[in-house]
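# Commentary on secondary and tertiary structure
Next come the chains, spelled out residue by residue.
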Amino acid sequence: MPFHHKLMNRRHWLGRAALAAAAASVGTAAFAQAPAYPNKPIKVIVPFAAGGATDVLARVLAEKMAVGLGQPIVIDNKPGAAGIIGTDAVAKAAPDGYTLLLGLSNSMLTNQFLYTKLPYSPERDIAPIYQIAIAPLVLVAHPSVPAATGPELLKYVVANKGKVAYGSYGTGAYPHLAGAYMSLTQNADMSHVAYRGEAPMVQDLLGGQIQIAFASALQAKAHIDAGKLKAIGVSGEHRMGTLPNVPTLAEQGLNDEAYRVAGWLAFGAPAGTPAPILERIAAEVRKATQQPDVAQRIVAMGFDVQNSSPALFAAAIAKERPVWERLIKASGAKLD
């Protein structure tokens, strides 16, 4: 090759190397100049009213997480429409890690099968961050019901076809779905009574207006301890830490998937939020929930503390999704 060609070739490669080095330098400088996350307050939207269990837990976690993140965390309650309004606000927020969701399984998973006009897609619009806790419920009965176990209760509802009423705190909520499943599979023709919240449901159960209901330990434990309600069994895969002597329904032979699933509380973010930010938030949630005072508070609420991550949470959703879809379809529940 002629000398001048060699020279041109050398100059060409030196030029390209210089350009590459310059680009790398600019990229490094840009990265160094980019503000570290987080550099301003973080907003956590709770799609339920202030004072409820989800809101209380959000405030406890926010206080702990703010220390590790080095920024204030502001709780923004946006209640309404079974968690849809608040969750939709997160779905449409900027995916920058400064708007998060602390919601329940209904708004983050099951509402998509229940509502015909959901304004967001949980799977397309919400990125899973961390499954904080599983929220099993306890199946409770009025003391007049002559059953102490799951199998005995099934025999009772069959023997009293059309005479048993079960309560729920909303169409499509787990107490409705599980009750509808029980009625359908036992051909028991039970009546469903939907209440505007769990407290009035439990009050009517205490008064004998309904015979059975799935309720939270938070609402039911004091009445169980006082003998005013009878604990039949617990939903989900594990006993409740706060009701350790009440066996799961699955332990009692009710192995149907309807009785093995349970709702949950979790953190989410707008889809498209960078993975490093999701992992950073997840690490802070894990640190917060593992602090003894926080863990004890979660257990006292009747919840089962989880060790989670974005990947583990996504896997849990994928596993549960078809179960909830089948349950809602079997119940016949559909809302606009």
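Residues numbered from 1 in each chain as written. Predicted model: local features only at pLDDT ≥ 70, side-chain atom pairs only at ≥ 80, totals over all residues. Heavy atoms only, no water.

### What to know about the sheet that holds strand E9 (residues 230-234)
Defined as follows: A pair of strands counts as paired when DSSP detects no fewer than two bridges linking them. For the purposes of this entry, the term helix denotes a DSSP run of H or I that reaches at least four residues, the term strand denotes a run of E that reaches at least two, and both are numbered from the N terminus. Convention adopted: a line fitted to C-alpha atoms gives each axis, helices being fitted over their contacting stretch, and angles between N-to-C directions are expressed from 0 to 180 degrees. By definition, residues are in contact when any of their heavy atoms lie within 4.5 Å.
On the basis of which strands lie adjacent, the open sheet formed by five strands has the order E7-E6-E8-E5-E9 and mixed pairing. Looking along the sheet, the strands with just one partner apiece sit at the ends: strand E7 (191-194) and E9. For this sheet, the mean angle separating the axes of adjacent strands, direction not counted, is 25°. Here four bridges tie strand E6 (residues 165-168) to E7, and the two strands are oriented parallel to one another. By the bridge assignment, Ala165 is partnered in E7 with Ser191. On the sheet, helix H9 (residues 217-225) packs against strand E5 (138-141), strand E8 (212-215) and E9 and is oriented at approximately 45° with respect to E5.

### Thoughts on the pairing of strand E4 (residues 126-135)
Moving residue by residue along a regular strand, the side chains alternate between the two faces of the sheet. The condition is simple: Only protein chains enter the accessibility calculation, which uses a 1.4 Å probe. A residue is then buried if its area is under 20% of the maximum for its type, exposed if over 50%, and partly exposed in between.
The buried fraction of E4 is high, at nine of 10 residues. Alignment of E4 against strand E10 (residues 263-270), held across eight bridges, turns out to be antiparallel. Bridging from a neighbouring strand, Ala133 pairs with Leu265 of E10. In this sheet, strand E11 (residues 304-305) lies alongside E4 in antiparallel orientation, the contact comprising two bridges. Residue pairing in the sheet places Ile134 in a bridge with Asp304 of E11.

### Looking at the confidence of the model for the chain
This is how the line gets drawn: Per-residue confidence from the predictor is given as pLDDT, running between 0 and 100.
Per-residue pLDDT for the chain has a mean of 90; in total, 90% of the residues score no lower than 70. Low confidence marks residues 3-8, where pLDDT is under 50. Its contacts with residues over four positions away, or in another chain, come to one contact. With pLDDT under 50 throughout, residues 16-33 is counted as low confidence; its partners more than four residues away or in other chains account for zero contacts.

### Topic: helix H6 (residues 150-159)
To keep things clear, this is the line we draw: Here the arc refers to the set of directions running from the helix axis out to each C-beta atom. Polar contact criterion, stated in full: a pair of N or O atoms within 3.5 Å, where within protein one must be able to donate a hydrogen and the other to accept it, and residues adjacent in sequence count only if both atoms are side-chain atoms.
Every buried residue of H6 is listed here: Gly150, Leu153, Leu154, Tyr156 and Val157. All buried residues of H6 fall inside an arc of 160° around its axis, so they share one side. Away from the buried face of H6 by more than 90 degrees, exposed residues Lys155 and Ala159 are located. Buried residues along H6 sit against E5, helix H7 (174-186), E8, E9 and helix H10 (257-260). One side-chain oxygen of the residue at the start of H6 lies 3.2 Å from the amide nitrogen of Glu152, identifying that residue as Thr149.

### Describing the environment of Ala199
Structurally, Ala199 is set in helix H8 (residues 198-207). We classify Ala199 as partly exposed; its relative accessible area is 38%.

### Overview of helix H13 (residues 310-331)
Just so we agree on the cut-off: How far a helix is expected to stretch is found by multiplying one less than its residue total by 1.5 Å. The angle between axes fitted to the seven-residue stretch ending at a residue and the seven-residue stretch beginning at it gives the bend at that residue.
Under the 1.5 Å per step criterion, the end-to-end length of H13 is 31 Å for 22 residues, consistent within 8% with the ideal 32 Å. Residue Glu320 marks the point of greatest curvature in H13, where the axis turns by about 35°; the proline Pro322 follows within four residues. Every buried residue of H13 is accounted for by Pro310, Phe313, Ala316, Ile317, Glu320, Val323, Trp324, Leu327, Ile328 and Ser331.

### A few points about the pairing of E5
Residues Val138 and Val140 point to one face of E5 and Leu139 and Ala141 to the other, with burial holding for every one of them. Sheet analysis places E5 next to E8, joined by four bridges and oriented antiparallel. Across the sheet, residue Val140 finds its bridge partner in E8, namely Ala213.

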